[in-house]
Amino acid sequence: MRSAHCREPAHPERGRAVAEEVGGRWVALDVADSASVAAAAKDVAAHEGRLDVLVNNAGVTGPFKEAADVTGEDARAVYEVNVLGVVRTTHAFLPLLRASADPRVVNVTSGLGSQTLTHDPERVEHSVVSPLYTSSKAAVTMLTTQYARGVEGVRFNAADPGYTATDLNHHTGTQTVTEGTDAIVALATEDASAGTGRAVDREGPLPW
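Residues numbered from 1 in each chain as written. Predicted model: local features only at pLDDT ≥ 70, side-chain atom pairs only at ≥ 80, totals over all residues. Heavy atoms only, no water.

A. Geometry of the confidence of the model for the chain. For the chain, mean pLDDT is 91; residues scoring 70 or higher make up 88% of the total. Contacts for the low-pLDDT stretch residues 1-8, under 50 throughout, to residues beyond four places or in other chains number 40 contacts. (pLDDT = per-residue confidence, 0-100. Contact = heavy atoms within 4.5 Å.)

Shown next, in the form of structure tokens:
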């Protein structure tokens, strides 16, 4: 089975419709809720028995406010989904991944978490000031490399979709969803010889 995760949607009928369209099965999953994550893993274990690909895609931007006004509670809310969600879901689904002949985890990161890109005035990432989202994505990239080094038998890689038109940015992104998923799909479907512990976008390696 191949699967992706997100926060449990406000409109589950949309998730069911998409799952039916692609020949999949919809499973409710809120990455900020340990009980929900455990229930989802139990559901997949009962129905499919294994997981070939886990895509950790859930993400929130957090409040739009001045950097000086960001609070600890603001940070907790963002990291609960963007970082701890990756840890919770990876931990819960590892037994199912290990039942696969070629298990893969794709963590969705962002160039906004790259020091190289955010310090380059020629890049759009340089113009963004969003302490919580950017730092959470830096954490996701590092989690990816650490899992890759510490978990044997499972490939972990990270993908930066780029500035893609989605609900997260009110569809202001300059890329289509298809373009934004190029790197994710490539990592999810590539041969095992491609390796582990990498961070890429649709153009190639993502600079740190």
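B. Just the packing of aromatic side chains, in detail. Tallied over the full model, the rule gives one aromatic pair. Centre to centre, the rings of Tyr147 and Phe156 are 5.0 Å apart; their planes meet at 15°, and the pair counts as stacked. For the pair formed by Tyr147 and Phe156, the shared burial category is buried. (Phe/Tyr/Trp six-rings, centres within 6.5 Å; stacked < 30°, edge-to-face > 60°. Buried < 20%, exposed > 50% of the residue type's maximum accessible area, 1.4 Å probe, protein only.)

C. Representation of the pairing of strand β4 (residues 155-159) within the structure. Where burial is concerned, most of β4 is hidden: five out of the five residues are buried. Covered by surrounding structure in β4 are Arg155, Asn157 and Ala159 together with Phe156 and Ala158, the residues of both alternating faces. Pairing between strand β3 (residues 104-108) and β4: five bridges, direction parallel. Residue Arg104 lies in a different strand from β4, and its bridge partner there is Arg155. As paired strands, β4 and strand β5 (residues 199-201) are joined by two bridges and run parallel to one another. Counterpart to Ala159 in the pairing with β5 is Val200. (Helix = DSSP H or I, 4+ residues; strand = E, 2+ residues; numbered from the N terminus. Pairing = 2+ DSSP bridges.)

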